Amino acid sequence: QVQLVESGGGLVEPGGSLRLSCVISGSVLLFNRLALGWYRQAPGKQRELVAAITGSGTTTYAGSVKGRTTISRDHAKNTVYLRMNGLKPEDTAVYYCNVRIAVTNYWGQGTQVTVSS
């Protein structure tokens, strides 16, 4: 069983920064080869990709966050991070950690990020 637990969400003011963490545990073999991602979902919206990182460290970002967002991973800690700077109200959403193993997607419970003054 693969388990993902996000943390680090909260209320921040516009222009602020936040770092989200996701610890992945369970029957995950060859963690360093897995592609990981951060997604977000706002009320009434579809879940969308924010950032992704491959096992080798190649990153991908959504256009709306590119330039102010960094995804990284720590293989020793089985953890993936999402650092967002210059937060905007439209960044408000529940953020989910994701890992795809074969054809199955595994998700965390989500962590709420609210950007408001």
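Here the structure is shown first, and the text comes after it.
Read on for an overview of the structure. Note on numbering: residues in each chain are counted from 1, in written sequence order. Only residues with pLDDT of at least 70 get local features here, since the model is predicted, and only at 80 or more are side-chain atom pairs given and counted; chain-wide, interface and lining totals rely on the full set of residues. The side-chain quantities take in all heavy atoms of the structure and omit both hydrogens and water.

Looking only at helices and strands, the protein features zero helices and 11 strands. Values of the radius of gyration come from C-alpha atoms, whereas the globule rule sets the reference at 2.2 Å times the count of residues to the power 0.38. For 117 residues, the compact-globule estimate of 2.2 N^0.38 gives 13 Å, and the C-alpha radius of gyration of the protein, at 14 Å, lies within 12% of that figure. In terms of overall dimensions, the protein has C-alpha extents of about 45 × 25 × 20 Å along its principal axes. Working definition: with a 1.4 Å probe on protein chains only, accessible area under 20% of the residue-type maximum means buried, over 50% means exposed, and in between means partly exposed. The 117 residues of the protein split such that 38% are buried. Contact definition: two residues touch when any of their heavy atoms are within 4.5 Å. A sequence separation of at least 24 residues applies to 52% of the contacts in the protein between residues at least 6 apart. The method behind every accessible area is Shrake-Rupley, applied with a 1.4 Å probe, and residues are considered shielded solely by the protein chains displayed. Here the protein has roughly 6,300 Å² of accessible surface; of this, 50% comes from carbon and sulfur atoms. His is not counted here, nor are the chain ends, while Lys and Arg score as positive and Asp and Glu score as negative. To locate a charge, the coordinates of NZ of Lys, CZ of Arg, CG of Asp or CD of Glu are taken. A gap of 8 Å separates the mean positions of the 12 positive and 6 negative side-chain charges of the protein. Note on conventions: DSSP H or I runs of at least 4 residues are helices, E runs of at least 2 residues are strands, and numbering of each starts at the N terminus.

Our next topic: the pattern of salt bridges. Each reported salt bridge corresponds to a side-chain nitrogen of Lys or Arg within 4 Å of a carboxyl oxygen of Asp or Glu. Throughout the structure, instances matching the rule amount to three salt bridges. A salt bridge links Asp91 to Arg68, with the shortest nitrogen-to-oxygen separation between them at 2.9 Å. Highlighted residues: Asp91 in the loop between strand 8 (79-84) and strand 9 (93-101) and Arg68 in the loop between strand 6 (59-61) and strand 7 (69-74), separated in sequence by 23 residues. The structure contains a network of salt bridges with shared partners spanning Arg40, Glu48, Arg68 and Asp91.

Attention now moves to the pairing of strand 10 (residues 104-107). Residues in a regular strand point their side chains to alternate faces of the sheet. Two strands are said to pair when DSSP picks up at least two bridges between them. Pairing geometry for strand 9 and strand 10, over four bridges, is antiparallel. The residue of strand 10 that forms the bridge with Asn98 is Trp107. If you look at the hairpin formed by strand 9 and strand 10, you'll find two residues sitting between the two strands, and Ala102 has a positive phi there, around 60°.

With that settled, consider the nonpolar core. Counting 27 residues, the largest nonpolar core has Trp38, Val80, Leu82 and Tyr95 as its most contacted members. Secondary structure elements with two or more residues in this core: strand 1 (2-7), strand 3 (18-26), strand 4 (36-41), strand 5 (48-53), strand 8, strand 9 and strand 11 (111-115). Other than its neighbours up to four places away in sequence, Val80 contacts Leu20, Ser21, Cys22, Leu36, Trp38, Ile53, Ile71, Ser72, Arg73 and Cys97. Throughout this description, the term nonpolar core refers to a set of buried Ala, Val, Leu, Ile, Met, Phe, Trp, Tyr and Cys residues connected via side-chain atoms within 4.5 Å.

Paired through backbone hydrogen bonds, the strands of a sheet run either parallel or antiparallel to each other. As summarised here, the arrangement of the four strands in space is 1-3-8-7, forming an open sheet in which the pairing is antiparallel. The outermost strands of the open sheet, each flanked by one partner alone, are strand 1 and strand 7. Neighbour-to-neighbour, the strand axes of the sheet open up by a mean angle of 15°, direction not taken into account. Pairing of strand 1 with strand 3, which is carried by six bridges, proceeds in the antiparallel orientation. Axes here mean lines fitted to C-alpha atoms, for a helix over just the part in contact, with angles spanning 0 to 180 degrees between N-to-C directions.

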